[in-house]
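Spelled out from the first residue to the last, the chains are:
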Amino acid sequence: GRDISTEMNISFIDSMFGIERKVLLTKQSTCDTCEGSGAKKGTSMETCKSCNGKGQVHETKRSFIGTFSTTRVCDSCHGAGKVPKETCASCAGAGVRHMQEEISVKIPAGIDNGEMIRLGGMGEAVPHGTSGDLYIKINVEPHKLFRREGQNLAMQLEVPVSELLLGGEHKIETIDGALTLKVPEGTPPNQVLRVREKGVPSGRGRRGDLLVTIKMKMPSKLSRKAKEYITLLKDEGL
């Protein structure tokens, strides 16, 4: 059968931990009434008269340059060698029909944007043959806080100048929930702090890290008192 493809949108968090979703497709599927046999329920099959049960038909043609012999799949039984005594009313004996089918899709943890999931045998069905495959392209919606860098997650954290100098603690969000991040004393702007195993799950029990880039939070206005303190810092050479 023919391979088919579709797309599916999932959230950033669902791409991290995996999810099971359902997709409704209209395609050529194995008849659910006769289960692909083409026969009416309760009736039997008989030998195909077109090919005498061989599933193939031999044809001989003569031309002015000689005689040619070809073999093709029997059109009556589609190579099965047998046909139903009474045909299925749902598919008219074809064993397949155009119908809607709901398919469950297990999306693995850590899947990246643009990756494809292949479901073998879930594509277009053919009479008495092997169905094609279904390919699903996964589109991951961007996150307002995190961005992915391989198996790591990256984010930015704005910290006041005072905490860059003296150190401090900040509550940050991760894909597992909130945690407290310690900013060491004397941290320079653009320093990257690593939070172990709070990144992308690999599906094998391992995870990447969360990389937090420290940004200096500049005040929009300074009070007179703040200016005095900054002047003192300037006098100290800071």
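For the structure, see preceding data.
This write-up is about the structure you can find in this document. Each chain carries its own residue numbering, running from 1 in the written order of its sequence. Given that the model is predicted, a residue must reach a pLDDT of at least 70 before its local features are reported, and side-chain atom pairs must reach 80 or more before they are shown or counted; all residues, however, enter totals for whole chains, interfaces and linings. Neither water nor hydrogens contribute to the side-chain values; these are computed over all heavy atoms in the structure.

## Quick word on the overall build of the protein
Secondary structure summary: the protein contains three helices and 15 strands in total. Over its C-alpha trace the protein gives a radius of gyration of 33 Å, far above what one expects of a compact globule, namely 18 Å for 238 residues. Its C-alpha atoms put the protein at 105 × 50 × 35 Å along the principal axes. The protein chains shown are the only cover counted for residues, whose accessible areas, like all others here, come from Shrake-Rupley with a 1.4 Å probe. Put simply, the protein shows about 15400 Å² of open surface, and 48% of that area lies on carbon and sulfur atoms. Put simply, DSSP H or I for four residues or longer makes a helix, DSSP E for two residues or longer makes a strand, and each gets a number counted from the N terminus. Here the radius of gyration uses the C-alpha set of atoms, whereas the globule reference equals 2.2 Å times the residue count to the power 0.38.

## Notes on the sheet that holds strand β15 (residues 210-217)
The four strands lie next to each other as β10-β11-β15-β14, forming an open sheet whose pairing is mixed. In the strand order of this sheet, the two ends are held by β10 (147-149) and β14 (192-195), each with one partner. Averaged over neighbouring strand pairs, the angle between their axes works out to 40 degrees when direction is ignored. Pairing between two strands is assigned when DSSP locates at least 2 bridges connecting them. As paired elements, β14 and β15 share four bridges and run antiparallel to each other. Bridge assignment links Arg194 to a residue of β15, and that residue is Leu211. Axes here mean lines fitted to C-alpha atoms, for a helix over just the part in contact, with angles spanning 0 to 180 degrees between N-to-C directions.

## Here we look at helix α3 (residues 224-235)
Helix length check: α3, at 12 residues, gives a terminal C-alpha distance of 17 Å against a target of 16 Å (1.5 Å per residue), a fit within 8%. Of the residues flanking the end of α3, it is Gly237, one or two places downstream, whose phi is positive at about 85 degrees. Take the residue count of a helix, subtract one, and multiply by 1.5 Å to get its expected span.

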